[in-house]
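For reference, the chains in residue letters:
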There are 2 protein chains.
Amino acid sequence: MAGGRAIGVDLGATNARAAVVDRSTGAIVAASKEPHVDRSPQAVVEGVARAVREVARAAAVDLGAVGCVGVGVAGQCLGATGLVMNAPNLGWRDVPLGSLLERSLSTPVRVVNDLSAAAWGEQRFGAARGIDDVVLVFVGSGVGSGLILGGRLHEGAWGVGGELGHVKVRPLRPGTRPRRCGCGMTGCLEAYTSGVNVAARVREELAAGAASAVRELVQGDLSRVSASAVDAAFEQGDGYARELWEEVGELLGTTIANVVTLLNPTRVILGGGVLLGAPHLEAIVRRVLSQQVSASAAKQLSVERAHLGDDAGVIGAALL
Amino acid sequence: MAGGRAIGVDLGATNARAAVVDRSTGAIVAASKEPHVDRSPQAVVEGVARAVREVARAAAVDLGAVGCVGVGVAGQCLGATGLVMNAPNLGWRDVPLGSLLERSLSTPVRVVNDLSAAAWGEQRFGAARGIDDVVLVFVGSGVGSGLILGGRLHEGAWGVGGELGHVKVRPLRPGTRPRRCGCGMTGCLEAYTSGVNVAARVREELAAGAASAVRELVQGDLSRVSASAVDAAFEQGDGYARELWEEVGELLGTTIANVVTLLNPTRVILGGGVLLGAPHLEAIVRRVLSQQVSASAAKQLSVERAHLGDDAGVIGAALL
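Read on for an overview of the structure. (Residues numbered from 1 in each chain as written. Chains lettered and ligands numbered in written order. Predicted model: local features only at pLDDT ≥ 70, side-chain atom pairs only at ≥ 80, totals over all residues. Heavy atoms only, no water.)

1. With respect to the overall build of chain A
The cut-off we apply is this: Labels follow the DSSP assignment, with helices taken as runs of H or I lasting at least four residues and strands as runs of E lasting at least two, numbered in each case from the N terminus. The reference for a compact globule is 2.2 Å times residues^0.38; the radius of gyration itself is calculated from the C-alpha atoms. Partly exposed residues are those whose accessible area sits between 20% and 50% of the maximum for their type, while under 20% is buried and over 50% is exposed, using a 1.4 Å probe and protein chains only. Whether two residues are in contact is decided by their heavy atoms, any of which lying within 4.5 Å being enough. Note on areas: these come from Shrake-Rupley sampling with a 1.4 Å probe, and a residue is covered only by the protein chains present in the view. Under the counting rule used here, the positive set is Lys and Arg, the negative set is Asp and Glu, and His together with the chain ends is not counted. Every charge is mapped to an atom, namely NZ of Lys, CZ of Arg, CG of Asp or CD of Glu.
Helix and strand counts for chain A come out as 12 helices and 13 strands. Taken against the 2.2 N^0.38 rule, which gives 20 Å for 320 residues, the C-alpha radius of gyration of chain A at 20 Å falls within 12% of a compact globule. Seen along its three principal axes, the alpha-carbon backbone of chain A occupies a region of about 60 × 45 × 30 Å. Across the 320 residues of chain A, 60% fall into the buried class. Taking the intrachain contacts of chain A between residues at least 6 apart in sequence as the baseline, contacts between residues at least 24 apart amount to 62%. In the structure as shown, chain A presents an accessible area of about 12,100 Å², 51% of it carried by carbon and sulfur atoms. Across chain A, 30 positive and 31 negative side-chain charges occur, with their mean positions spaced 2 Å apart.

If you want it as structure tokens, here you go:
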């Protein structure tokens, strides 16, 4: 096992991050980042391979002895085959990432959804250490989840499980205009609650004349609208922000409660820039979750913030 | 393994059914039914033990050699401990069924939720033979589910997973009066879609003067209102039945779609008297499910009706 060390990769929209991780402590021993030259599979695979070779060299790890390199990707991955079916941030469809990378590195590669990897990292060395039933909920630019059930990562029959952002919800206010999701459907949780979609909605509503302290907070520059600006307006008692956060928090809290009622985990982990960067929204999500979850599933449940931040994915990918 | 035979029990509201099941074919070799004298844990345990001893004798199975007796109960069960936390049909709270029955039978006992048992039975010898990721959805007097994920029964960390009836939904029509669920909460799927609750709602609305062919179909006797009467009215083109089924079917279909989007099973099994006894409702549920499920999770999904009927639970309990 190469001295108890493993190699993981977090493949993001703008760069690939590789790390050598100590198997017994979860510590990152060496890390390397390669920005994508372009997003073609060839260029990205070359960048990933470079980053992997660099961290292996830096930590004096023999790639041939490491067993398997884990790669977390923001997208739908058929885990068993290494195929990335759909990675919108990279503009990829049906890219055989696993086999391309195996050829380049001459090492087995395991491809996994980035939130599955993050859930695994948090379960091994973060906010759910040693807990067998864990739901990681991520609300950042997108919305998703990673599921650990009975001590095992649940990726679904075809590796596309955990798509919390695409469960269908009905918004609180009857007048709310249906928003189309990036996936092409309407009614998706992500369309109402992700950072990108919330910011777009606030921009539209401010442009249409809505009165809110958000406008002053971004000094009239609507391109600067963000979840944290809405949270700051909420803090000031702004009515628009309050109503928006009640709606977004109700949708997120109820959906998470339903997942808990269905799966009966003992730990929910909240992660992602929107949830962790907007404390007032987080408080509403926690309140609604505790109100809406079934009494029996609520009994042994605790809700924690993610501990490992951006490192969760690369640590989890390494240790899978 | 006692000649490849196992013993299962289906513990219902009015009786206990025990069966000897052939492990290699799933066939019921001998069966016995004991009506409850009363619903006290003592009386029920005695009845179960009698039924078990009777089938064992009838099939010439040595109870001591059978390994473990499986018992499916309509209620929340802490599987590992044999504790029945809450079984509304029996009026039980915190009954240590497992240990009571083990003492009475001098044999290990495994207590499990009845829909988990049914899912296992269908997976072994019914509508999902050999499929590793299965969601059984049951809509009868109550609403619930049984989950098989990665080839294993998923009962949740404390055995209260699968409670599909208690996920929270928002009804279609803004004017719909919130209905309180048997669990004490409002907004539960079961409160809007179970046989008992649908019948209660139709009775109330007919009593309040709603015009519907259901009234003639039950010959004015509102106590005879049922899901199949609504389905018969739908068949005749009745507007009230049509609107009601659209609402109930939309709630059920969307919720099932969300479970599929989250868990990525390859088979959904529809069971229970309401779904299987109301073909027009079933058709709407299937249509909404296919419309609302994420495209990626829909790809390899098939939806089947339960095959084993009332035997699924006792077969699954035996084979767990």
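2. Considering the interface of chain A and chain B
Let me state the cut-off plainly: Two parts placed together each lose some accessible area under a 1.4 Å probe, and the buried area is that loss summed for both. Between Lys or Arg on one side and Asp or Glu on the other, a salt bridge is scored when a side-chain nitrogen of the former is within 4 Å of a carboxyl oxygen of the latter. Pairs of N or O atoms are called polar contacts if they sit within 3.5 Å, as long as, within protein, a hydrogen donor faces a hydrogen acceptor (for residues adjacent in sequence, only side-chain-to-side-chain pairs). Residue polarity is assigned by list, with Asp, Glu, Lys and Arg as charged and Ala, Val, Leu, Ile, Met, Phe, Trp, Tyr, Cys and Pro as nonpolar; anything else, Gly included, falls into the polar class.
In this assembly, 45 residues from chain A lie in contact with 45 residues from chain B. Buried surface at the junction of chain A and chain B, summed over both partners, amounts to about 3,400 Å²; 56% is from carbon and sulfur atoms. With its nearest N and O atoms 2.7 Å apart, the salt bridge here joins B:Arg170 to A:Glu250. At the junction of chain A and chain B, the tally comes to 25 residue pairs in polar contact (both at pLDDT 80 or more). Contributing elements (two or more residues each) for the side of chain A that touches chain B: strand 10 (143–149), helix 8 (239–263), helix 10 (279–292) and helix 11 (295–298) of chain A. Looking at the side of chain A that touches chain B element by element, the count peaks at 7 residues for helix 8 of chain A. Taken together, the residues of the side of chain A that touches chain B break down into 18 nonpolar, 19 polar and 8 charged.

3. With respect to the nonpolar core
Applied cut-off: Take the buried residues of types Ala, Val, Leu, Ile, Met, Phe, Trp, Tyr and Cys, join any two whose side-chain atoms come within 4.5 Å, and each joined set is a nonpolar core.
Membership of the largest hydrophobic core comes to 115 residues, with the highest contact counts inside it found for A:Val202, A:Trp245, A:Leu263, B:Val202, B:Trp245 and B:Leu263. Apart from the residues lying within four places of it in its own chain, the contact partners of B:Trp245 are B:Val198, B:Ala227, B:Val230, B:Asp231, B:Phe234, B:Glu250, B:Ala278, B:His280, B:Leu281 and B:Ile284.

4. Remarks on the environment of B:Ala157
By secondary structure assignment, the location of B:Ala157 is in the loop between strand 11 (152–153) and helix 4 (189–193). Look at B:Ala157 and you get partly exposed, because its relative accessible area is 29%. Residues B:Ala157 and B:Ala80, 77 residues apart in the sequence, show an inter-C-alpha distance of 9.8 Å. Beyond its immediate sequence surroundings of up to four residues, B:Ala157 is in contact with A:Asp133, A:Leu263, A:Asn264, A:Pro265 and A:Thr266.

5. Re the pairing of strand 7 (residues 92–95) of chain B
The line we're drawing: Pairing between strands is defined by DSSP: at least two bridges between the two strands are required.
Strand direction decides the pairing type here: strand 6 (residues 83–87) of chain B and strand 7 of chain B, joined by 3 bridges, are antiparallel. Bridging across to strand 7 of chain B, B:Asn86 finds its partner in B:Arg93.

6. Describing the environment of B:Arg103
As for its placement among the helices and strands, B:Arg103 is situated in helix 2 (residues 97–105). On a C-alpha basis, the gap between B:Arg103 and B:Val45 in space is 10.0 Å, while along the polypeptide they are 58 residues apart.

7. As for the packing of helix 7 (residues 227–235) of chain A against helix 10 of chain A
All names here are of chain A. Under the convention used in this document: Axis angles are defined between N-to-C directions and span 0 to 180 degrees, where every axis is a line fitted to C-alpha atoms and, for a helix, only to the segment in contact. Should an angle fall under 35 degrees it is called roughly parallel, over 145 degrees roughly antiparallel, and 65 to 115 degrees roughly perpendicular, with every other angle called oblique.
For the pair helix 7 and helix 10, interaxial distance at closest approach is 8 Å and the crossing angle is 80°. What the angle tells us is that helix 7 and helix 10 run roughly perpendicular. In this structure, helix 7 uses Asp 231, Phe 234 and Glu 235 to contact helix 10, whose residues at the interface are Pro 279, His 280, Leu 281 and Ile 284.

8. A few points about the sheet that holds strand 1 (residues 5–11) of chain A
Pairing between the strands of a sheet comes from backbone hydrogen bonds, and it takes one of two forms, parallel or antiparallel. Residues and elements named next belong to chain A. A sheet is described by the order of its strands in space; here 5 strands give the open sequence 3-2-1-4-8, paired in mixed fashion. Both edges of this open sheet fall to strand 3 (28–35) and strand 8 (109–113), since each of them pairs with a single strand only. Direction aside, the axes of adjacent strands within the sheet are offset by 20° on average. Of the strand pairs in this sheet, strand 2 (residues 15–22) and strand 3 are connected by 7 bridges, and their pairing is antiparallel. Looking across to strand 3, one finds that Ala 18 is bridged to Ser 32. Set on the sheet, helix 1 (residues 41–58) makes contact with strand 1, strand 2, strand 3 and strand 4 (69–73); between it and strand 3 the angle comes to about 155°. Relative to strand 8, helix 3 (residues 114–125) is tilted by about 95°, and along the sheet it contacts strand 4 and strand 8.

9. Remarks on the sheet that holds strand 12 (residues 267–271) of chain A
Residue and element names in this part refer to chain A. Strands sit in the order 11-10-9-12-13 across an open sheet of 5 strands; the sheet is mixed. In the strand order of this sheet, the two ends are held by strand 11 (152–153) and strand 13 (302–305), each with one partner. Judged from the 6 bridges that link them, strand 9 (residues 134–139) and strand 10 form a sheet pairing that is antiparallel. Bridge pairing in strand 10 places Val 135 opposite Leu 147. This element, helix 3, spans strand 9, strand 10, strand 11 and strand 12 of the sheet and lies at about 50° to strand 10.

10. Looking at unusual backbone geometry
The phi torsion at A:Asn264 lies on the positive side, around 55°, for a residue other than glycine. Here the phi dihedral of B:Asp94 falls at roughly 55°; this positive angle occurs in a residue that is not glycine.

11. Side note on the relation of the copies chain A and chain B
Mapping between the two copies of the chain is achieved by a rotation about an axis and a shift along the axis. Our working definition: A least-squares fit on C-alpha atoms brings the copies together, and the residues used are those whose pLDDT is at least 70 in both copies.
When chain A is fitted to chain B, the best match, at an RMSD of 0.0 Å, comes from turning it 180° and sliding it 0.0 Å along the axis. Seen this way, the second copy is the image of the first under a two-fold rotation axis. Ranked by how close their C-alpha atoms come to the rotation axis, the residues of chain A are headed by A:Arg170, at 3.4 Å.

12. Quick word on the packing of aromatic side chains
Short version of the rule: Stacked, tilted and edge-to-face are the three classes assigned to paired rings of Phe, Tyr and Trp, where Trp is represented by its six-membered ring and a pair needs centres within 6.5 Å; plane angles under 30 degrees give stacked, over 60 edge-to-face, the rest tilted. A ring has a charge above it when a Lys NZ or an Arg CZ is no more than 6 Å from the ring centre and no more than 35 degrees off the ring normal.
In the structure shown here, the tally under the stated rule is 0 aromatic pairs over all chains. The positively charged end of A:Arg242 is found above the aromatic ring belonging to A:Phe234, 4.3 Å away from the centroid.

13. Re helix 2 of chain B
Residues and elements named next belong to chain B. Let me state the cut-off plainly: Directions pointing from the helix axis toward each C-beta atom define the arc.
Here helix 2 has its buried residues at Leu 97, Gly 98, Leu 101 and Leu 105. Buried residues of helix 2 fall within an arc of 95° about the axis and therefore sit on the same side. Looking at the packing, one finds that the buried side of helix 2 touches strand 1 (5–11), helix 1 (41–58), strand 4 (69–73), strand 6, strand 7 and strand 8 (109–113). Looking one or two residues past helix 2, Ser 106 carries a phi angle of roughly 55°, positive in sign.

14. Comments concerning helix 5 (residues 195–207) of chain A
Residue and element names in this part refer to chain A. Filter applied, for reference: Any helix carries an expected span of 1.5 Å times its number of residues minus one.
Helix length check: helix 5, at 13 residues, gives a terminal C-alpha distance of 18 Å against a target of 18 Å (1.5 Å per residue), a fit within 8%. The set of residues buried in helix 5 consists of Gly 195, Asn 197, Val 198, Ala 199, Arg 201, Val 202 and Leu 206. The inward-facing, buried residues of helix 5 abut helix 4 (189–193), helix 6 (214–217), helix 7, helix 8 and helix 9 (273–277). Downstream of helix 5 by a residue or two, Gly 209 has a phi angle that is positive, lying close to 105°.

15. Observations concerning the pattern of salt bridges
Pairing of side chains with opposite charge becomes possible as their charged atoms draw close. Under the criterion given, the structure shown has 20 salt bridges over all chains. For B:Glu205, the salt bridge is made with B:Arg201, and the minimal N-O distance between the two is 3.1 Å. With a gap of 4 residues between them, B:Glu205 and B:Arg201 both fall in helix 5 (residues 195–207), about one helical turn apart. Among the residues examined, B:Glu205 registers a relative accessible area of 27% and is labelled partly exposed. The exposure class assigned to B:Arg201 is buried, which follows from its relative accessible area of 5%. Taken together, the shared-partner salt bridges in this structure form one network comprising A:Arg201, A:Glu205 and A:Glu247.

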